[in-house]
Each structure stands twice: as structure tokens, then as C-alpha cells.
Amino acid sequence: TYLQVLAGERFLQQAEGNRLKQIVIRAPRGIIYDRNGKPLVYNSSFFFLYINPPDWPTDEAAQNQLSTSVGQILGQSDWHPAINVKSYQPVLVAEKLPYDQALRLLALSRTEPSLQVTLEPSRSYISDNALAHIVGYTGSLSDTDQKNPKYKDYAHNDILGKNGIELEYENYLR
């Protein structure tokens, strides 16, 4: 009776938090064109594999079995992801997966809630190497970037411009 009457509101909020799961959908970055309107950089879709730490098995035998299953699909015999189980943020463990691997991992994710296979945009650079230093490149948010107030609104898995036009026009391309 005490729980329902005096702490009911607090338990309702906890229940709502357990019921809802926030999923981030990465938006494609802007396309970079040359002066003639020809794209120098565009977005392609690729498969990515994430692990949700709260759902990762706590039993060592189950961890080893899941790691072996995923490793076989990825073609890595000794695959063991480094996971901080105290984190609630998904951890990127494989990117730009081939279609056949992604489908097998997607099938496995149906029975393993810790695995999440997503289709996300990724940068494709069609310019030759002569423009690489001008166009620049993108990368994940680093620990140093996270300390920069300029990137306070970025999530830990976000992609940002690291050099060249990608960095200079980050606010527009994001």
C-alpha cells in the first residue's frame, strides 16, 4: 500500500523510462559539389553493427557463445568486443558490412537483443587524391572533441568533419 500511495508517481516515471527506448537515426551529411555542380562527396548507405551493453549477456559462457557466433559471421575467429556494460549507449563494433553478413547478423539479432544492425549513410569520396587535402574527411567524435564546447550537442557515436571542407562547413553539412 505504501508503494502505491506515497511513491506511485516515482514508480510510474521509472516504468515509463523502462518502456520507452530511444533510437537515434543518423541523418545523411550534405553533399559537397565543385563549381560546376559535380558532386565531390556523396552519401552511400551501409550496414553497421552495434551492441547494446545493457542487453549483453552477463554469463561468461553466453558471452563466449554470442562472440563466437558473431565472429563466425564476421569471419573473425577470435572476436570479442570491448564493452562497458555500465554504459547505456550502443557501441559500434563493425561498419560497412557486406550485405550477406548484415542479413545473417540481422537474423541473429532477432534472438539476441544485444545486437542491433542498422542501415546508415556513410561518406563516399569520388574526387581524386589531388583534392583530398581540400575536401578533408569525417570521423567519429573523439574524447578530445567531446571536451570541446563546440561539439556539446553531439552524441558519442556522431560523425563530424575532421579536416578540410568537411570541418570548415560542419554546421552546414551536419
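A. Structural detail: the nonpolar core. Judged by nonpolar contacts, the single largest core of 17 residues is most densely connected at Leu-49, Val-70, Leu-74, Leu-97, Leu-105 and Leu-115. When residues of this core are traced back to their parent elements, those giving at least two are strand 2 (39-51), helix 3 (60-74), strand 3 (91-97), helix 4 (99-109) and strand 4 (115-125). In terms of residue count, the dominant contributor to this core is helix 3 (four residues). Every residue in contact with Val-70, bar those within four places of it in the chain, is listed here: Leu-49, Trp-79, Leu-105, Leu-108 and Leu-115. In terms of nonpolar packing, the next biggest core, distinct from the first, is built from five residues, Ile-32, Leu-40, Val-135 and Leu-173 among them.

B. Summary view of the packing of aromatic side chains. Applying the stated criterion across every chain yields a total of three aromatic pairs. Considering the side-chain rings of Tyr-151 and Tyr-154, the 5.2 Å spacing of their centres and the 90° angle between planes classify their relative orientation as edge-to-face. Note on Tyr-151: relative accessible area 6%, which makes it buried. Of the residues examined, Tyr-154 reaches a relative accessible area of 11% and is grouped as buried. With centroids separated by 6.1 Å and ring planes inclined at 45°, the aromatic side chains of Tyr-169 and Tyr-172 adopt a geometry described as tilted. The ring of Phe-46 carries the charged tip of Lys-96 above its face, separated from the ring centre by 5.2 Å.

C. Up close: the side chain of Ser-124. Its place among the elements puts Ser-124 in strand 4. For Ser-124, a relative accessible area of 14% translates into the label buried. A distance of 2.9 Å separates a polar atom in the side chain of Ser-124 from a polar atom in the side chain of Ser-44. Dropping the residues within four chain positions of it, Ser-124 is found in contact with Leu-40, Val-41, Tyr-42, Ser-44 and Phe-46.

D. Layout of helix 4. Taken together, the buried positions of helix 4 are occupied by Gln-101, Ala-102, Leu-105, Leu-108 and Ser-109. For helix 4, the angular spread of buried residues about the axis comes to 120°, placing them on one side. Seen from the buried face of helix 4, the exposed residues on the opposite side, beyond 90 degrees, are Tyr-99 and Ala-107. Here the buried face of helix 4 lies against strand 2, helix 3, strand 3 and strand 4.

E. Highlighting the pattern of salt bridges. As enumerated under the stated definition, the model contains five salt bridges in all. Residue Glu-166 is joined to Arg-29 by a salt bridge in which the shortest nitrogen-to-oxygen separation is 3.0 Å. Of the two residues, Glu-166 sits in helix 7 (residues 164-168) while Arg-29 sits in the loop between helix 2 (8-19) and strand 1 (32-33), which places them 137 residues apart along the sequence. Here the two residues Glu-166 and Arg-29 agree in accessibility, since each one is buried. Here Glu-170 and Arg-29 are joined by a salt bridge, their closest N and O atoms 3.0 Å apart. Separated by 141 residues along the polypeptide, Glu-170 in helix 8 (residues 170-173) and Arg-29 in the loop between helix 2 and strand 1 bring together distant segments of the chain. Each member of the pair Glu-170 and Arg-29 is classed as buried.

F. Expanded view of the side chain of Asp-158. Take Asp-158: it is sitting in the loop between helix 6 (143-147) and strand 6 (159-163). For the buried residue Asp-158, which engages in no salt bridge, the nearest side chain bearing the opposite charge is Arg-174, 4.0 Å off. If sequence neighbours within four positions are ignored, Asp-158 has contacts with Gly-139, Ser-140, Leu-141 and Arg-174.

G. Local environment of the confidence of the model for the protein. Confidence in the prediction for the protein averages 84 pLDDT; 89% of positions are at 70 or higher. Least confident of the elements in the protein is helix 1 (residues 2-6), whose mean pLDDT is 60; most confident is helix 4, at 95.

So, how was this worked out
- Residues numbered from 1 in each chain as written.
- Predicted model: local features only at pLDDT ≥ 70, side-chain atom pairs only at ≥ 80, totals over all residues.
- Heavy atoms only, no water.
- Core = buried A, V, L, I, M, F, W, Y, C linked by side-chain atoms within 4.5 Å.
- Buried < 20%, exposed > 50% of the residue type's maximum accessible area, 1.4 Å probe, protein only.
- Helix = DSSP H or I, 4+ residues; strand = E, 2+ residues; numbered from the N terminus.
- Contact = heavy atoms within 4.5 Å.
- Phe/Tyr/Trp six-rings, centres within 6.5 Å; stacked < 30°, edge-to-face > 60°.
- Lys NZ or Arg CZ within 6 Å of the ring centre and 35° of its normal.
- Polar contact = N/O pair within 3.5 Å; in protein donor to acceptor, adjacent residues only side chain to side chain.
- Arc of directions from axis to C-beta.
- Salt bridge = Lys/Arg side-chain N within 4 Å of Asp/Glu carboxyl O.
- Lys, Arg positive; Asp, Glu negative; His and termini not counted.
- pLDDT = per-residue confidence, 0-100.

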